[in-house]
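Each chain, written out:
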Amino acid sequence: MTAGERFLVTGALGCIGAWVVRTLVREGVPTVVFDVASDPHRLRLVMTSAELERVKFVTGDITDLSAVEAVMKDHGITHVIHLAALQVPFCKADPSLGARVNVVGTVNMFAAAKRAGLRQLAYASSIAVYGHSEDYPGGPLAHDAAPRPHVLYGVYKLANEGTARVYWADDGIASIGLRPYTVYGPGRDQGLTSSPTRAMLAAAAGEPFHIPFGGRCVYQYTHDTAAAFITAARAPASGAAVYNLGGNAVHMRDIVQAIEAAAPTARGRITFDDKPLPFPENMDDAAARAALGALPVTPLKAGVLETVQMFAAALASRQLVYNAPN
Ligand SMILES: NC(=O)c1ccc[n+]([C@@H]2O[C@H](COP(=O)([O-])OP(=O)(O)OC[C@H]3O[C@@H](n4cnc5c(N)ncnc54)[C@H](O)[C@@H]3O)[C@@H](O)[C@H]2O)c1
């Protein structure tokens, strides 16, 4: 950390945001949470009450440009990590709202950064900018492989990558976008790929769980994803870079084995449909590592074990209650 840093994290009440805030607070960095929601339940899951007291909470909507400008100005923000978004199922359920939040909201972040005199920001893109596996024969997906989004969420994320390019070309606002794939860990409770983490919660609760997808994909532990976004926000940026984020490229059976190793009573009770996600199996993160240095990748078994242990502790203290899916 450098003296004088003041971070703004949008969507910070979400899964990745909670871990970004936890990491920054543990480093002693003043951190402002900006989120349309107001319940910090994911932050409570991963942080102590004393740590939470050091966070500034601002309830606001990224579709409201004046609110975003005000939070940057009022808090003397020096670094921005823009995570606020609606995930795949929410964009599908309400495409107009999805476009307002994900596309207009991101334009607002760049516009407000420009007005505040910031030189750069970090933001979340996604694997969903790419097409189906069959569109990319041969090997892990390069970070500059042709995008072919087939869900609206991916179309919106791709628009954001274009917004970033134009803000660099026209206004010299630099950015680093990161494309996570399937983030797992405490706090991952919503979205298309949240079911492996919900299976870890079920295992901690001693309950069975069925995961509705399978195949191979890249899993990123929330702790590592947060660290990557913080590194991106601090990296000297020039241009509008966007990188695939690395992780553990594994099959769903490896996830289930890791859950069974962490919670032996779950043996045989966590099942899955071996139907792959509609995205390429693996992506090449060499460009991210070249630009940002060695980013942490927690071994799968260790990340799953920590997740199950944190869930077990939260269930035991009644901070979390397990509700079986309908
Ligand atoms: N979780 C993953 O596997 C994954 C994969 C690829 C990309 N991403 C991207 O990473 C980012 C963070 O993901 P996450 O898993 O933490 O998501 P999440 O759904 O857990 O959190 C999103 C947060 O954004 C907030 N938000 C929604 N609309 C808002 C608005 N109008 N104004 C302010 N805040 C708003 C929500 O209240 C929520 O707290 C998102 O941009 C997501 O698209 C996530």
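Higher on the page you've got the structure.
Computed from a predicted model, the values in this text were never measured in an experiment.

Chemist: Explain the overall build of the protein chain here, please?
Modeler: A tally of helices and strands in the protein chain yields twelve helices and twelve strands. Computed over the C-alpha atoms, the radius of gyration of the protein chain is 19 Å, within 12% of the 20 Å expected from 2.2 N^0.38 for a compact globule of 326 residues. Projected onto its principal axes, the C-alpha positions of the protein chain cover 55 × 50 × 40 Å. Within the protein chain, the proportion of its 326 residues that are buried is 48%. Restricting the contact set of the protein chain to residue pairs at least 6 apart, pairs at least 24 apart contribute 80%.

Chemist: How should I be thinking about the sheet that holds strand β11 (residues 248-251) in this particular structure?
Modeler: Strands belonging to one sheet form pairs held by backbone hydrogen bonds; the direction of such a pair is parallel or antiparallel. Strand order across the open sheet formed by three strands is β7-β9-β11, with mixed pairing between neighbours. Of all the strands in the sheet, just β7 (182-184) and β11 have a single pairing partner and so form its edges. Within this sheet the neighbouring strands show an average axis-to-axis angle of 45°, counted without direction. Two strands pair when backbone bridges link them, and β7 and strand β9 (residues 216-221) are joined in this way by three bridges, in the parallel orientation.

Chemist: Which parts of the structure should I look at to understand the site of the ligand?
Modeler: Around the ligand, 28 residues are found, and the nearest of them are Gly11, Gly14, Ala85, Ala124 and Val183. Looking at the shell around the ligand, the elements that each hand over two or more residues are α1 (15-27), α6 (95-115) and β7. When residues of the shell around the ligand are assigned to their parent elements, the largest contribution, three residues, is made by α1. In terms of residue class, the shell around the ligand is made up of 14 nonpolar, twelve polar and two charged.

Chemist: Sorry if this is basic, but what is going on with the packing of α6 against helix α7 (residues 152-171) here?
Modeler: How two helices sit against one another is set out by the angle between their axes and by the gap between those axes. Contact geometry of α6 with α7 gives a least axis separation of 10 Å together with a crossing angle of 20°. Taken together, the axes of α6 and α7 lie roughly parallel to each other. In this structure, α6 crosses over α7, and the sense of that crossing is right-handed. Facing α6, whose interface residues are Pro95, Gly98, Ala99, Asn102, Val103, Thr106, Val107, Phe110 and Lys114, α7 presents Leu152, Tyr153, Tyr156, Lys157, Ala159, Asn160, Thr163, Tyr167 and Asp171. Residues that form the contact of α6 with α7 fall into these classes: ten nonpolar, five polar and three charged.

Chemist: Honestly, the pairing of strand β2 (residues 31-35) in this entry has me stumped. Any pointers?
Modeler: The two faces of the sheet receive side chains in turn, since in a regular strand these alternate between them. In terms of burial, β2 is largely enclosed, as five of its five residues are buried. Residues of β2 alternate between two faces, with Thr31, Val33 and Asp35 on one and Val32 and Phe34 on the opposite face, all of them buried. Where strand β1 (residues 7-10) lies against β2, four bridges are found, and the strand directions are parallel. If you follow Leu8 over to β2, its bridge partner there is Val32. Viewed along the sheet, the connection from β1 through α1 into β2 turns out right-handed. One ladder, built from five bridges, connects β2 with strand β3 (residues 55-59); its direction is parallel. What sits directly across from Phe34, in β3, is Val58.

Chemist: Got a minute to help me understand helix α8 (residues 195-204) in this structure?
Modeler: Because each turn of an α-helix spans 3.6 residues, side chains separated by three or four positions end up pointing in the same direction. Burial of α8 is extensive: ten of the ten residues sit out of reach of the surface. Ser195, Pro196, Thr197, Arg198, Ala199, Met200, Leu201, Ala202, Ala203 and Ala204 are the residues of α8 that are buried. Looking at the buried positions of α8, the neighbouring elements they touch are β7, β8 (209-211), α10 (252-262), β12 (270-272) and α12 (300-316). Positive phi appears at Gly206, one or two residues downstream of α8, with a value of about 75°.

Chemist: It is not clear to me how the nonpolar core should be interpreted in this structure. Could you clarify?
Modeler: Within soluble globular proteins, side chains that are nonpolar tend to cluster in buried spots. Ranked by internal contacts, the top residues of the largest apolar core, which has 105 residues, are Val9, Val20, Ala203, Phe229 and Ile259. Looking at this core, the element that brings in the most residues is α1, giving eight residues. In contact with Ile259, other than residues within four places in its own chain, are Ala199, Met200, Ala203, Ala266, Ile270, Val304 and Val308.

Chemist: I keep staring at the pairing of strand β6 (residues 174-179) and nothing clicks. Help me out?
Modeler: Summarising burial for β6: six of the six residues are buried, a large majority. In β6, alternate side chains face the same way, and those of Ala174, Ile176 and Leu178 on one face and Ser175, Gly177 and Arg179 on the other are all buried. As paired elements, strand β5 (residues 120-124) and β6 share five bridges and run parallel to each other. The residue of β6 that forms the bridge with Ala122 is Ile176. For the segment spanning β5, α7 and β6, crossover handedness is right-handed. Relative to strand β10 (residues 240-244), β6 runs parallel, the two being bridged by five bridges. Within β10, the residue paired with Gly177 across the bridge is Val242.

Conventions adopted
Residues numbered from 1 in each chain as written. Predicted model: local features only at pLDDT ≥ 70, side-chain atom pairs only at ≥ 80, totals over all residues. Helix = DSSP H or I, 4+ residues; strand = E, 2+ residues; numbered from the N terminus. Rg over C-alpha atoms; globule rule 2.2 N^0.38 Å. Buried ≥ 20, exposed ≤ 12 C-beta atoms within 10 Å, placed from the backbone. Contact = placed C-beta atoms within 7 Å. Pairing = 2+ DSSP bridges. Axes fitted to C-alpha atoms, helices over the stretch in contact; angles between N-to-C directions. Near = placed C-beta within 6 Å. Nonpolar A, V, L, I, M, F, W, Y, C, P; charged D, E, K, R; others polar. Parallel < 35°, antiparallel > 145°, perpendicular 65-115°, else oblique. Left-handed = near helix turned anticlockwise from the far one by under 90°. Right-handed = clockwise from strand over helix to strand, strands pointing away. Core = buried A, V, L, I, M, F, W, Y, C linked by C-beta atoms within 7 Å.

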